Amino acid sequence: MLYTSTRDKSVKVSSAQAIAKGISADGGLFVPESIPKITMDDIVGLTSKSYIERAKEILSLYLTDFTEEELDSCVNGAYGGSKFSSEKIAPLHSLGDGAEVLELWRGPTCAFKDMALQLLPHLLTVASAKSNPDKQIVILVATSGDTGKAALEGFKDVKNTKILVFYPNDGVSPMQKLQMTTQEGSNVGVCAIEGNFDDAQTGVKRIFTDKEIGKKLAGRGMMFSSANSINWGRLVPQIVYYVSAYCDMIDNGEIKPGDEINVVVPTGNFGNILAAYYAKQMGVPIRKLICASNANNVLTDFIKTGTYDRKRNFYSTISPSMDILISSNLERLLFLLSDMDDKLVGGWMSELSENGKYTVSDEVFKKLSEVFEAGCCDDAQTKACIAKTYNENGYLCDTHTAVAIDVYNSYKADSGDNTPTVIASTANPFKFSNAVLDAVHPGICNGMDEFDMVLKLHEETGAECPAQLANLKGKTPRFTGCCKKEDMEQVVFDMLK
Ligand SMILES: *Cc1c(COP(=O)(O)O)cnc(C)c1O
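Before going into details, it helps to say that this report is about the structure given with it. Note that the structure is a prediction, hence the values are computed from the model and not measured.

**Topic: the site of the ligand**
Link 1 in the chain: In the neighbourhood of the ligand, 15 residues make up the surrounding shell, with Lys 113, Asp 146, Gly 268, Asn 269 and Thr 426 lying closest.
Link 2 in the chain: With respect to the ligand, the backbone of Asn 269 contributes an N or O atom lying 2.7 Å from an oxygen atom.
Link 3 in the chain: Between Asn 272 and the ligand, the recorded distance is 2.8 Å, taken from a backbone N or O atom to an oxygen atom.
Link 4 in the chain: The fraction of the free accessible surface of the ligand (380 Å²) that becomes covered by protein chains is 98%.
Link 5 in the chain: Here the residues of the shell around the ligand are counted per class, giving five nonpolar, eight polar and two charged.

Pasting the structure below:
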């Protein structure tokens, strides 16, 4: 299996090279040249297996230049031991009426990013040993909150790597900020920027693709790689849990082999839902992919109209990990939907960076509409959904998951589509205690600090705060810097000194 670039089809690299590089030199994203297929028999065969075994089988179809032993040790390193709070790694929780919440936040940092970022350092270590054995890898991350912590935790003290995370100073929750600024490890750095997530992501992308900076780094025996979902090594582990969820729904009797399901994903950078699209193209019977957004509803409009227009207000919401107006992974979907037309995709991406806007061809829009549905909700609707889900289903969910549940409820009411549905749940509610507590008990948070709210949320609902969050109380931040977005490059080199 070879990988090519969404902006230049003549590029051909191995999966190890795609993962080690992170992004193609032409600014495009790496994608596999074809999508491997699995049959319903294969899927049924996986139902009796553990998550680790399922992961090994799916990953081996994409990472064909990794040996069985290498994959084995990567997957066991990521999901083995007791790093996840569920033996199933990504368990389902039924809300009744065919709705199954897929809990993707059972890992060390309590957000779904762990599903990929516990594995990526292992993949990257193997990949760089194959493709660039004598280079030290420098991981640069732009985060809207959860990726940063998950990447820091995944890469801390990993040999031959350094990791540096940029986050928007006013764009993450207090718990997310504390998780990052207190990070331990000898190879880690964290810096806030004055700006929003898109500023952080644009800055990181620019540093990545700047040839001069690349040369400077090479002179020191180092190379950049990415832990953002532009890296294929972030995407591929996410395909696994959609296959796994389908297996678990066969297992729990929700569906019979071959039955269709829908999937709802609270979406930001379009990585998670793209992984579900890959699962569908592999052979998992997924009918509709429902893209759920908060007030930053650029994707809702795109899926409904075919025009992507980022020139709009940016809102800071209570689901900050989805406060994004430039969804990088959409580029991969467009490449697939246009039958790998690199020129067309490259053209749309130039229009986006030059004019902030592009419209896809009728053909691509038609294919998009056959599979994707979209909806959005604002903060008030998000809170109302948290309260309703808690009161009616006895299930406490975080703000991002609530966006997905709300959009699912609206879709079901409007369409009458009763297909059993997987709703991706992307964070533990205690990461967003303020909004969640205020939703179940309006007004109660007044004057409370973050950890008062954690305690109160526990007392009110009986839900347990994960120890790794509760233990942050009273910890002194290690990283307190905040830079202008123009100064990100300087911060990078200061850290590498
Ligand atoms: C990252 C994140 C999302 C968005 O996922 P994408 O793959 O960027 O679309 C949603 N919810 C939470 C909690 C996240 O951390």
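There's more to say after this.
**Some words on unusual backbone geometry**
Link 1 in the chain: You will see that Ile 89, though not glycine, has its phi angle at about 65°, which is positive.
Link 2 in the chain: Here Ile 89 lies in the loop between helix H4 (68-79) and strand E4 (92-96).
Link 3 in the chain: Residue Ile 89 is classed as buried on the basis of its relative accessible area of 5%.
Link 4 in the chain: Unlike most non-glycine residues, Asp 339 shows phi in positive territory, near 55°.
Link 5 in the chain: On the secondary structure map, Asp 339 appears in the loop between helix H14 (330-337) and helix H15 (342-355).
Link 6 in the chain: A relative accessible area of 55% places Asp 339 in the exposed class.

**What to know about the pattern of salt bridges**
Link 1 in the chain: Here the structure, examined in full by the defined rule, presents 25 salt bridges.
Link 2 in the chain: In this structure, the salt-bridge partner of Lys 431 is Asp 146, at a minimum N-O distance of 2.7 Å. In this pair, Lys 431 sits in the loop between strand E15 (421-425) and helix H19 (433-440) while Asp 146 sits in helix H7 (residues 146-155), placing the two residues 285 residues apart along the sequence.
Link 3 in the chain: Residue classification places Asp 146 among the buried positions, given a relative accessible area of 3%.
Link 4 in the chain: Note that Lys 383 is salt-bridged to Asp 438, the shortest N-O span being 2.7 Å. Of this pair, Lys 383 sits in helix H17 (residues 379-393) while Asp 438 sits in helix H19, and the two are 55 residues apart along the sequence.
Link 5 in the chain: Each of Arg 54, Lys 88 and Asp 248 takes part in one network of salt bridges that share partners.

**Comments concerning the pairing of strand E7 (residues 161-168)**
Link 1 in the chain: Most of E7 is tucked away: eight of the eight residues are buried.
Link 2 in the chain: Residues Thr 161, Ile 163, Val 165 and Tyr 167 of E7 are buried on one face, and the alternating residues Lys 162, Leu 164, Phe 166 and Pro 168, pointing to the opposite face, are buried as well.
Link 3 in the chain: Bridge count for strand E6 (residues 136-142) against E7 is six bridges, and the pairing is parallel. Directly across from Val 141, in E7, lies its bridge partner Val 165.
Link 4 in the chain: Between E6 and its parallel partner E7, the chain crosses via H7, and the hand of that crossover is right-handed.
Link 5 in the chain: With six bridges joining them, E7 and strand E8 (residues 188-194) adopt parallel strand pairing. Paired with Leu 164 across the strands is Gly 189, a residue of E8.
Link 6 in the chain: For the handedness criterion, the β-α-β arrangement of E7, helix H8 (residues 174-181) and E8 is classed as right-handed.

**A closer look at the sheet that holds E4**
Link 1 in the chain: Across the sheet, which stays open at both edges, the six strands sit in the order E4-E5-E15-E10-E11-E14 with mixed pairing between neighbours. The open sheet has two edge strands with one neighbour each: E4 and strand E14 (372-376). Here the average twist between neighbouring strands, direction ignored, is 25°.
Link 2 in the chain: Alignment of strand E11 (residues 286-293) against E14, held across five bridges, turns out to be parallel. Bridge pairing in E14 links Cys 291 to Ala 374.
Link 3 in the chain: Docked against the sheet, helix H12 (residues 271-282) engages strand E10 (261-266), E11, E14 and E15, running at close to 175° with respect to E11.

**Description of the packing of H17 against H19**
Link 1 in the chain: Running from N to C, H17 and H19 cross one another at 65°; their axes reach a closest spacing of 8 Å. Pair H17 / H19 crosses with right-handed handedness. Facing H17, whose interface residues are Lys 383, Ile 386, Ala 387 and Tyr 390, H19 presents Ala 435, Val 436, Asp 438, Ala 439 and Val 440.
Link 2 in the chain: Looking at side-chain class alone, the contact of H17 with H19 contains seven nonpolar, no polar and two charged residues.

Conventions and cut-offs
- Residues numbered from 1 in each chain as written.
- Predicted model: local features only at pLDDT ≥ 70, side-chain atom pairs only at ≥ 80, totals over all residues.
- Heavy atoms only, no water.
- Near = heavy atom within 4 Å.
- Polar contact = N/O pair within 3.5 Å; in protein donor to acceptor, adjacent residues only side chain to side chain.
- Areas by Shrake-Rupley, 256 points an atom, 1.4 Å probe, with all protein chains shown as cover.
- Nonpolar A, V, L, I, M, F, W, Y, C, P; charged D, E, K, R; others polar.
- Helix = DSSP H or I, 4+ residues; strand = E, 2+ residues; numbered from the N terminus.
- Buried < 20%, exposed > 50% of the residue type's maximum accessible area, 1.4 Å probe, protein only.
- Salt bridge = Lys/Arg side-chain N within 4 Å of Asp/Glu carboxyl O.
- Pairing = 2+ DSSP bridges.
- Right-handed = clockwise from strand over helix to strand, strands pointing away.
- Axes fitted to C-alpha atoms, helices over the stretch in contact; angles between N-to-C directions.
- Contact = heavy atoms within 4.5 Å.
- Left-handed = near helix turned anticlockwise from the far one by under 90°.

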